[in-house]
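# Coordinate inspection notes
Residues per chain are reported as follows:
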Amino acid sequence: MKKYELCCIGHITLDIVVTPHRTVHMPGGTSYYVSNAIRHLERPDYLLVTALATSEMDVVDRLRANGIPVTVFPSKYSVCFENIYGENLNNRNQNVLAKADCFTVEQLDNIEADIYHLGALLADDFSLEVIKYLSGKGLISVDAQGYLREVRDTQVHAIDWKRKREAMEYIHFLKANEHEIEVLTGYSDAFSAAKALHGWGVKEVLVTLGNEGSVLYNGTDFYRIPAYKPKQIVDATGCGDTYMAGYLYQRVKGADMEQAGHFAAALSTLKIENFGPVQATNNDVSRCIETAEKSFK
């Protein structure tokens, strides 16, 4: 059985992105943004695992045509997100017009990887049992965002992560933004929140602060990563997913946390400059790190 360096598991979505300037329909979701970011880089041994309706298989066909291995599980529906932005792209309203089936331990029994990035879009996408099971086979990476979203009718409501203290014991990499850390820990300060999350078991904590950079913590050292100012702000959808793609890609390739953080920040800056997934190469990222204006909180 083949073992991959990096495996992203998550639903590909149908996204409706509404900004003050235009409305765009496109594929989306953590798994989609991560996979497209990875495919333009000097590629690690990578696998995408997703679940969607047969009506959206053309998205998978395009990914495979671009060299991304994909394992697909059938679902009655595909997830459909509506993301509505105002002038401030750090804020958005979300609706979920359809949901896909959650992932199960049985489905993932034959999926082997060094790192599993769980691209949860909603709180019930991955059960605690799935996290526990996969942690016995590789390192678990999680973006907290999905675990803090629950759908009632079509409205997305903010919730706390149920059984979060149990889950943290099995998670190696955890990303959360400045709002999510306060929900999770009660701390609005990134440094205090990172310490709390590490104390619960997370080995590498990544706190993203939008245009004010990010803070990384491994239980011993803090790394303060700047934000790289984009040439233009076009579309923020998928920026957090792109950040994680860059970070995990670098860690798989042997970079330390600080190097990985700079790469991740620059990659997400290049993503925000265009609609849809980032299409940046390693050279593009290096150029951004060297030339873009930097900002810290």
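For the structure, check the block above.
Residues numbered from 1 in each chain as written. Predicted model: local features only at pLDDT ≥ 70, side-chain atom pairs only at ≥ 80, totals over all residues. Heavy atoms only, no water.

## Observations concerning the overall build of the protein chain
When you go through the protein chain residue by residue, the secondary structure sums to 9 helices and 17 strands. When its C-alpha atoms are laid out on the principal axes, the protein chain stretches across 45 × 45 × 40 Å. For the protein chain, long-range pairs separated by at least 24 residues make up 63% of all intrachain contacts whose partners lie at least 6 apart in sequence. Charge separation in the protein chain, taken as the distance between the mean sites of 30 positive and 38 negative side-chain charges, equals 1 Å. (Helix = DSSP H or I, 4+ residues; strand = E, 2+ residues; numbered from the N terminus. Contact = heavy atoms within 4.5 Å. Lys, Arg positive; Asp, Glu negative; His and termini not counted. Charge placed at Lys NZ, Arg CZ, Asp CG, Glu CD.)

## Focus on the packing of helix α8 (residues 257–272) against helix α9 (residues 282–291)
The geometry of α8 relative to α9 is characterised by a closest axis approach of 9 Å and an angle of 100° between their N-to-C directions. The angle between α8 and α9 places the two elements in the roughly perpendicular class. Judged by residue contacts, H262, F263, A266, L267, T269 and L270 of α8 engage N282, D284, V285, C288 and I289 from α9. Among the residues forming the contact of α8 with α9, the class breakdown is 7 nonpolar, 3 polar and 1 charged. (Axes fitted to C-alpha atoms, helices over the stretch in contact; angles between N-to-C directions. Parallel < 35°, antiparallel > 145°, perpendicular 65-115°, else oblique. Nonpolar A, V, L, I, M, F, W, Y, C, P; charged D, E, K, R; others polar.)

## Some remarks on the packing of aromatic side chains
Per the stated rule, a full pass over the model turns up 7 aromatic pairs. Ring geometry for F173 and Y247: centres 6.3 Å apart, planes at 75°, overall edge-to-face. Of this pair, F173 sits in strand β12 (residues 173–177) while Y247 sits in helix α7 (residues 239–252); the two residues are 74 residues apart in sequence, bridging distant segments of the chain. Centre to centre, the rings of Y217 and F222 are 4.2 Å apart; their planes meet at 20°, and the pair counts as stacked. Taking relative accessible area as the criterion, Y217 reaches 9% and is therefore assigned buried. Here the aromatic cluster, defined as three or more aromatic residues joined through ring pairs, consists of F191, Y217 and F222. Over the aromatic face of Y4 sits the side chain of K2, whose NZ or CZ is 4.9 Å from the ring centroid. (Phe/Tyr/Trp six-rings, centres within 6.5 Å; stacked < 30°, edge-to-face > 60°. Buried < 20%, exposed > 50% of the residue type's maximum accessible area, 1.4 Å probe, protein only. Lys NZ or Arg CZ within 6 Å of the ring centre and 35° of its normal.)

## A look at the pairing of strand β3 (residues 23–28)
With 6 bridges connecting them, strand β2 (residues 13–18) and β3 associate as antiparallel partners. Pairing of T13 across the sheet is with G28, part of β3. Two successive antiparallel strands, β2 and β3, enclose a turn made up of 4 residues. (Pairing = 2+ DSSP bridges.)

No statement about biological role is implied by the geometric values presented.
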